[in-house]
Amino acid sequence: ARKKPQAFFRGSRTTPQRDPLVRLTTTRPELAHAHYTKNQASRSLGDTLGLPPAEEMPLEGHCEYRYLFNFKGMAASFRYKHLFLCRSLVFHVGTPGDDFVEFFQEALVPWVHYVPVSPSLDDLEEKIVWAQEHDAEAQAIAQAGLEFVRDNLRYEDVKQYWRALLAAYGKLLRWKVTKHRDTSEITTASH
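Reading the values: rules and limits
Residues numbered from 1 in each chain as written. Predicted model: local features only at pLDDT ≥ 70, side-chain atom pairs only at ≥ 80, totals over all residues. Heavy atoms only, no water. Pairing = 2+ DSSP bridges. Helix = DSSP H or I, 4+ residues; strand = E, 2+ residues; numbered from the N terminus. Axes fitted to C-alpha atoms, helices over the stretch in contact; angles between N-to-C directions. Parallel < 35°, antiparallel > 145°, perpendicular 65-115°, else oblique. Contact = heavy atoms within 4.5 Å. Nonpolar A, V, L, I, M, F, W, Y, C, P; charged D, E, K, R; others polar. Buried < 20%, exposed > 50% of the residue type's maximum accessible area, 1.4 Å probe, protein only. Phe/Tyr/Trp six-rings, centres within 6.5 Å; stacked < 30°, edge-to-face > 60°. Expected span 1.5 Å × (residues − 1). Arc of directions from axis to C-beta.

**Student:** What should I look at first to understand the sheet that holds strand β1 (residues 4-11) in this one?
**Tutor:** The strands that make up a sheet are held in pairs by hydrogen bonds between backbone atoms, and each pair lies either parallel or antiparallel. With respect to topology, five strands assemble into an open sheet ordered β2-β1-β3-β4-β5, the strand pairing being parallel. On the outer flanks of this sheet lie β2 (32-36) and β5 (115-117), each paired with one strand and no other. For this sheet, the mean angle separating the axes of adjacent strands, direction not counted, is 25 degrees. In the sheet, strand β4 (residues 89-93) pairs with β5 via three bridges, with the strands oriented parallel. Within the sheet, the bridge partner assigned to phenylalanine 91 lies in β5 and is valine 115.

**Student:** Mind showing me how you'd approach the packing of helix α1 (residues 19-27) against helix α4 (residues 124-133) here?
**Tutor:** Each packed pair of helices is defined by two parameters, the angle between the axes and the distance between the axes. At their nearest, the axes of α1 and α4 sit 10 Å apart, and the two run at 60 degrees to each other. In terms of their interaxial angle, α1 and α4 are classed as oblique. Residue-level contacts link Pro20, Leu21 and Leu24 of α1 to Leu124, Glu125 and Ile128 of α4. Tallied by class, the residues present in the contact of α1 with α4 amount to five nonpolar, no polar and one charged.

**Student:** Where do I start with the pairing of β4 in this structure?
**Tutor:** On any regular strand, side chains alternate: one points to one face of the sheet, the next to the other face. The element β4 is extensively covered by neighbouring structure, given that five of its five residues are classed as buried. In the sheet, strand β3 (residues 65-70) pairs with β4 via four bridges, with the strands oriented parallel. Pairing of asparagine 70 across the sheet is with histidine 92, part of β4.

**Student:** Sorry if this is basic, but what is going on with the pairing of β3 here?
**Tutor:** Here β3 lies mainly inside the structure; six of its six residues are buried. Summarising the sheet, β1 and β3 pair through three bridges and their orientation is parallel. Each bridged residue has a counterpart across the sheet, and for alanine 7 the counterpart in β3 is tyrosine 67.

**Student:** What exactly am I supposed to notice about the packing of aromatic side chains here?
**Tutor:** Within a pair of aromatic rings, the relevant descriptors are the distance that separates the centres and the angle that separates the planes. Scanning all chains against the criterion turns up 11 aromatic pairs. Relative to tyrosine 65, the ring of phenylalanine 8 has its centre 4.4 Å away and its plane inclined at 20 degrees; by these criteria the two rings are stacked. Of this pair, phenylalanine 8 sits in strand β1 while tyrosine 65 sits in strand β3, placing them 57 residues apart in sequence. Each member of the pair, phenylalanine 8 as well as tyrosine 65, carries the same accessibility label: buried. Geometrically, the ring pair formed by tyrosine 67 and phenylalanine 91 is edge-to-face, given 5.9 Å between the ring centres and 80 degrees between the ring planes. Taken as a pair, tyrosine 67 in strand β3 and phenylalanine 91 in strand β4 lie far apart in primary sequence, 24 residues in all. Look at tyrosine 67 and you get buried, because its relative accessible area is 0%. We classify phenylalanine 91 as buried; its relative accessible area is 0%. Grouping aromatic residues by their ring pairs yields a cluster made of Tyr80, Phe84, Phe103, Phe104, Tyr161 and Trp162.

**Student:** When you look at helix α5 (residues 135-152) in this model, what are you seeing that I'm missing?
**Tutor:** The α-helix winds at 3.6 residues per turn, so residues separated by three or four positions along the chain end up facing the same way. Over its 18 residues, α5 extends 25 Å from the first C-alpha to the last, a length consistent with the 26 Å expected when each residue adds 1.5 Å. Every buried residue belonging to α5 is among Ala138, Ile141, Ala142, Gly145, Leu146, Phe148 and Val149, and all of these are buried. Viewed end-on, α5 has its buried residues packed into an arc of 155 degrees, placing them on one side of the element. In α5, those exposed residues whose orientation departs by more than 90 degrees from the buried face are Ala136 and Asp151. Packing partners of the buried residues in α5 comprise α3 (80-84), β4, β5 and α4.

This is the structure we're talking about:
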């Protein structure tokens, strides 16, 4: 099935930074299909830019679109690595020095694994139009992003990262860590 040639986003309005993409849906629907969902803090239609809140959509629904947007939220964007698995071009909004990044983000290269978008989104339309007009390059970037995640973020890779991080952190401790008498080991079998 062919992917829809639009930029797609679903999420809550944790910040007005996302507003230009949602507004683009009404002014240039051929470029974007982006809507806010209702979240626990929503009080009025103002929280969804005056539009009825959209239904949340599972990742499989995101994969129907050729271009996917990633924004940081109240913390790291934990959907980021999953967007690459859609084989869609990922647009990442932000700068390398942003707070709340996941451990692998510094290894991703702009214009190799994803298309960077300025935090102000002033280059939003230009970047989407570029992707629509340069499909081969856009698909090559999407493929490189998929391969990065597939080759570097397997469960074993993530486990190894955490093992190394915790071991390094443990070396920094200045006190002896002891097991509390009320704790027990959590294993796969005990879960």
